[in-house]
Amino acid sequence: MEKPEYAKLYRIMHWAIAVSFLLLLFTIFLRMTWLNKFNVAAIIQDYMHTTDQVLSEEQLIVLAKKIRQPMWDWHIYIGYVLVGLFSIRFALPALGYMKFQNPLYRNLSTKEKFQKWTYIIFYLCVVISLVTGIAIELGPKDLKKPMETIHILGIYYLVGFIGIHLAGVLIAEFTDQKGIISRIVSGTKDKTGRNFTP
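Since we're looking at a predicted model, the values are computed, not measured.

Observations concerning the pattern of salt bridges
Okay, step 1: Across all of its chains, the model carries one salt bridge by this definition.
Okay, step 2: Between Lys 111 and Asp 176 there is a salt bridge, and its shortest N-O distance comes to 3.5 Å. With Lys 111 in helix α4 (residues 110-138) and Asp 176 in the loop between α6 (154-173) and α7 (180-186), this residue pair connects regions lying 65 residues apart in the sequence.
Okay, step 3: The exposure class of Lys 111 is partly exposed, given its relative accessible area of 35%.
Okay, step 4: The exposure class assigned to Asp 176 is partly exposed, which follows from its relative accessible area of 30%.

A look at the confidence of the model for the protein chain
The predicted coordinates ought not to be read in detail in places where the model reports low pLDDT.
Okay, step 1: Here the protein chain averages 88 in pLDDT, and 92% of its residues register 70 or above.
Okay, step 2: By mean pLDDT, α7 is the weakest element of the protein chain at 86, and helix α3 (residues 57-91) is the strongest at 95.
Okay, step 3: Within the model, pLDDT remains below 50 along residues 189-198, and this stretch shows 19 contacts once partners closer than five positions in the same chain are excluded.

Remarks on a nonpolar patch on the surface
Okay, step 1: Residues Trp 15, Leu 170, Phe 174, Ile 181 and Val 185 make up a contiguous nonpolar surface patch of about 520 Å² in total accessible area.
Okay, step 2: Within the secondary structure layout, Phe 174 lies in the loop between α6 and α7.

Some thoughts on the packing of α4 against α6
Okay, step 1: Between α4 and α6, the shortest axis-to-axis distance is 10 Å and the interhelical angle comes to 150 degrees. Considering their axes alone, α4 and α6 lie roughly antiparallel with respect to each other. Crossing angle aside, the handedness with which α4 passes α6 is left-handed. Packed against α4, whose contacting residues are Phe 114, Thr 118, Tyr 119, Phe 122, Cys 125, Val 126 and Ser 129, the element α6 presents Gly 154, Tyr 157, Leu 158, Phe 161, Ile 164 and His 165 at the interface.

Observations regarding α4
Okay, step 1: With 29 residues, α4 extends 42 Å from end C-alpha to end C-alpha; this agrees with the ideal 42 Å at 1.5 Å per step.
Okay, step 2: Lys 116, Thr 118, Phe 122, Tyr 123, Val 126, Ser 129, Leu 130, Thr 132, Gly 133, Ala 135 and Ile 136 are the residues of α4 that are buried.
Okay, step 3: Contacts from the buried residues of α4 go to α1 (8-32), α3, α5 (141-152) and α6.

Observations concerning the environment of Ala 135
Okay, step 1: Its place among the elements puts Ala 135 in helix α4.
Okay, step 2: Along the sequence, Ala 135 and Arg 31 sit 104 residues apart, while their C-alpha atoms lie 20 Å from each other.

Let's talk about α3
Okay, step 1: Spanning 35 residues, α3 covers 49 Å between terminal C-alpha atoms, matching the ideal 51 Å at 1.5 Å per step.
Okay, step 2: Helix geometry: α3 is bent most strongly at Gln 69, by close to 50 degrees, with proline Pro 70 lying one to four residues after it.

Some thoughts on the packing of α5 against α6
Okay, step 1: Orientation of α5 relative to α6, taken along the N-to-C sense of each, is 20 degrees, at an axis distance of 5 Å. Considering the angle they form, α5 stands roughly parallel to α6. When α5 is examined against α6, the residues Ile 150, His 151 and Ile 152 are found in contact with a partner set consisting of Gly 154, Ile 155 and Tyr 156.
Okay, step 2: Its residues placed into classes, the contact of α5 with α6 shows four nonpolar, two polar and no charged.

Concerning the side chain of Arg 68
Okay, step 1: Looking at the secondary structure, you find Arg 68 in helix α3.
Okay, step 2: Excluding residues that lie within four positions of it along the chain, Arg 68 makes contacts with Arg 31, Leu 35, Asn 36 and Lys 37.

Thoughts on the packing of aromatic side chains
Okay, step 1: Overall, the coordinates contain 14 aromatic pairs when judged by the stated rule.
Okay, step 2: With centroids separated by 6.1 Å and ring planes inclined at 65 degrees, the aromatic side chains of Phe 21 and Phe 86 adopt a geometry described as edge-to-face. Of the two residues, Phe 21 sits in helix α1 while Phe 86 sits in helix α3, which places them 65 residues apart along the sequence. With respect to burial, Phe 21 and Phe 86 carry one shared label: buried.
Okay, step 3: Centre to centre, the rings of Tyr 119 and Phe 161 are 5.5 Å apart; their planes meet at 75 degrees, and the pair counts as edge-to-face. With a gap of 42 residues between them, Tyr 119 in helix α4 and Phe 161 in helix α6 connect regions that are remote in the sequence.
Okay, step 4: Overall, the relative accessible area of 13% leaves Phe 161 in the buried class.

About the thresholds
Residues numbered from 1 in each chain as written. Predicted model: local features only at pLDDT ≥ 70, side-chain atom pairs only at ≥ 80, totals over all residues. Heavy atoms only, no water. Salt bridge = Lys/Arg side-chain N within 4 Å of Asp/Glu carboxyl O. Helix = DSSP H or I, 4+ residues; strand = E, 2+ residues; numbered from the N terminus. Buried < 20%, exposed > 50% of the residue type's maximum accessible area, 1.4 Å probe, protein only. pLDDT = per-residue confidence, 0-100. Contact = heavy atoms within 4.5 Å. Patch = residues over 30% accessible without salt bridge, like charges linked within 9 Å, V, L, I, M, F, W, Y side chains within 5 Å. Areas by Shrake-Rupley, 256 points an atom, 1.4 Å probe, with all protein chains shown as cover. Axes fitted to C-alpha atoms, helices over the stretch in contact; angles between N-to-C directions. Parallel < 35°, antiparallel > 145°, perpendicular 65-115°, else oblique. Left-handed = near helix turned anticlockwise from the far one by under 90°. Expected span 1.5 Å × (residues − 1). Bend = angle between axes of the 7 residues up to and from the residue. Nonpolar A, V, L, I, M, F, W, Y, C, P; charged D, E, K, R; others polar. Phe/Tyr/Trp six-rings, centres within 6.5 Å; stacked < 30°, edge-to-face > 60°.

So, in structure tokens, the structure goes:
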């Protein structure tokens, strides 16, 4: 099987998107665990008991949300970064770079078709997540709740895709595409020193 070789533009886009997604997952993880509004409210309540002060449950939740808001702001900022990165990613094929490959092409193996369909489904899910995220932040208030319901589902496809992607990379590395990890990190050059464009 022909080994893919990754140009600098491809590698920059790949790692910028990957790091952005990992940072998004980190904010989601914090929100679901240590910075969960109920956990933070319980910590505040425990402290208030030591000072003989009392807040209602509603006041505790409001205060907990305010404490974790700066962390959640980062989720929003990273979301805007991803909107920019994916806008560039979808514009690049029109400029002759990083073209999308057709999974319906006849000469593809089952494995290659699976890879290409996985990316198409991933891109579709990302677009839905980005559009719903923008709608939550900038759209009408009456759409916020249904958009949040759809947006929250994004964690499932994202974790699933990362798992499939890492498994695929490791399988490729140890079977027919040895060196794929080093190529996506440092690129591959031909004898003239030029980067290949996939």
